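Letter by letter, the chains look like this.
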Amino acid sequence: MKKVPKKQRQSRIIRIINEQNIETQADLVEALMASGIVVTQATVSRDIKELGIVKVMTGEGTQKYVTLSHSGEVAAGRMRRVFSEAVISVNRSNAFVIMKTLPGMAQGAASALDSMYLDEIIGTLAGDDTIFIATCNSEVAEKLRAKLVSLSITDSMETTES
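Rules used in this analysis
- Residues numbered from 1 in each chain as written.
- Predicted model: local features only at pLDDT ≥ 70, side-chain atom pairs only at ≥ 80, totals over all residues.
- Heavy atoms only, no water.
- Helix = DSSP H or I, 4+ residues; strand = E, 2+ residues; numbered from the N terminus.
- Buried < 20%, exposed > 50% of the residue type's maximum accessible area, 1.4 Å probe, protein only.
- Contact = heavy atoms within 4.5 Å.
- Salt bridge = Lys/Arg side-chain N within 4 Å of Asp/Glu carboxyl O.
- Axes fitted to C-alpha atoms, helices over the stretch in contact; angles between N-to-C directions.
- Parallel < 35°, antiparallel > 145°, perpendicular 65-115°, else oblique.

Q: Could you clarify how one ought to interpret the overall build of the protein in this entry?
A: Scanning the protein from terminus to terminus reveals six helices and seven strands. Going residue by residue from the N terminus, the α and β elements of the protein occur as α-α-α-β-β-α-β-β-α-β-β-α-β. Here the protein, with 162 residues, has 42% of them falling under the buried criterion. Within the protein, residue pairs in contact and separated by at least 24 positions form 55% of the contacts whose partners lie at least 6 positions apart.

Now the structure itself:
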């Protein structure tokens, strides 16, 4: 077992994610170790963020990591699709926008949101089914809420503000 350069490690991560059902970072660390690469969970966490890897629900009710292509419009379309399919509601409270997603989809939706580089967003925090989005004030939050509603319209979309 050996420590390998970052590019090689990240390339192996993408291959593993594409070939196996990886549900947790610990599973990914284990798969990397099995392929001869020594890595910590913290390094894997940074690599996942850098590579734009997101966790999605499978048809069997479990979660797994998937890679999203970062090639121009294809990536933008996929990221927006992940975002619009995950979002259930978009609400505002003061300078925050709070989004509810399908269970297990907040991380993927937040990653998609972060990839949109919206100027109104100071930062995001995602749990299992909720994303908190910080803005600088309530007026900006309301504009962002309206923008996110339009990006995530589905038949079941609810929107409210408080």
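Once the structure has been displayed, the description carries forward.
Q: I'm lost on the side chain of threonine 101 in this one. Help?
A: Counting through the fold element by element, threonine 101 comes out in strand S4 (residues 96-101). Owing to a relative accessible area of 2%, threonine 101 belongs among the buried residues under this scheme. Discounting chain neighbours no more than four positions away, the residues touching threonine 101 are Ala86, Val87, Ile88, Ala106, Ala109, Asp128, Asp129, Thr130 and Ile131.

Q: Help me understand the pattern of salt bridges, please; the structure alone is not making it clear to me.
A: Opposite charge on two side chains makes pairing possible when the charged atoms of those side chains draw close. Summed over the entire model, instances satisfying the criterion amount to six salt bridges. A salt bridge links lysine 147 to glutamate 120, with the nearest nitrogen and oxygen atoms 2.7 Å apart. Highlighted residues: lysine 147 in helix H6 (residues 138-151) and glutamate 120 in the loop between helix H5 (106-115) and strand S5 (123-126), separated in sequence by 27 residues. Exposure remark for lysine 147: the relative accessible area of 31% places this residue in the partly exposed category. When salt bridges with common partners are traced through the structure, they connect Arg92, Glu142 and Arg145 into a single cluster.

Q: Help me out: how do you make sense of the environment of valine 44 in this one?
A: Looking at the element boundaries, valine 44 is found in helix H3 (residues 41-51). Given a relative accessible area of 0%, valine 44 falls into the buried group. Along the chain, valine 44 and glutamine 25 lie 19 residues apart, while their C-alpha atoms are 6.8 Å from each other. Not counting the four nearest positions on each side in its chain, valine 44 is found in contact with Gln25, Leu28, Val29, Leu32 and Val39.

Q: What am I meant to see in the packing of helix H1 (residues 6-19) against H3 here?
A: The angle between the axes and the distance between the axes are what describe a pair of packed helices. In the contact formed by H1 and H3, the axes pass within 11 Å of each other and the chain directions differ by 75°. In terms of their interaxial angle, H1 and H3 are classed as roughly perpendicular. Where H1 approaches H3, its residues Lys6, Arg9, Gln10, Ile13 and Ile14 are matched on the opposing element by Thr43, Asp47, Glu50 and Leu51.

Q: When you look at unusual backbone geometry in this model, what are you seeing that I'm missing?
A: It is generally the case that most residues other than glycine have a negative phi and that most peptide bonds are trans. At asparagine 94, a residue that is not glycine, the phi angle is positive and equals roughly 55°. On the secondary structure map, asparagine 94 appears in the loop between strand S3 (87-93) and S4.

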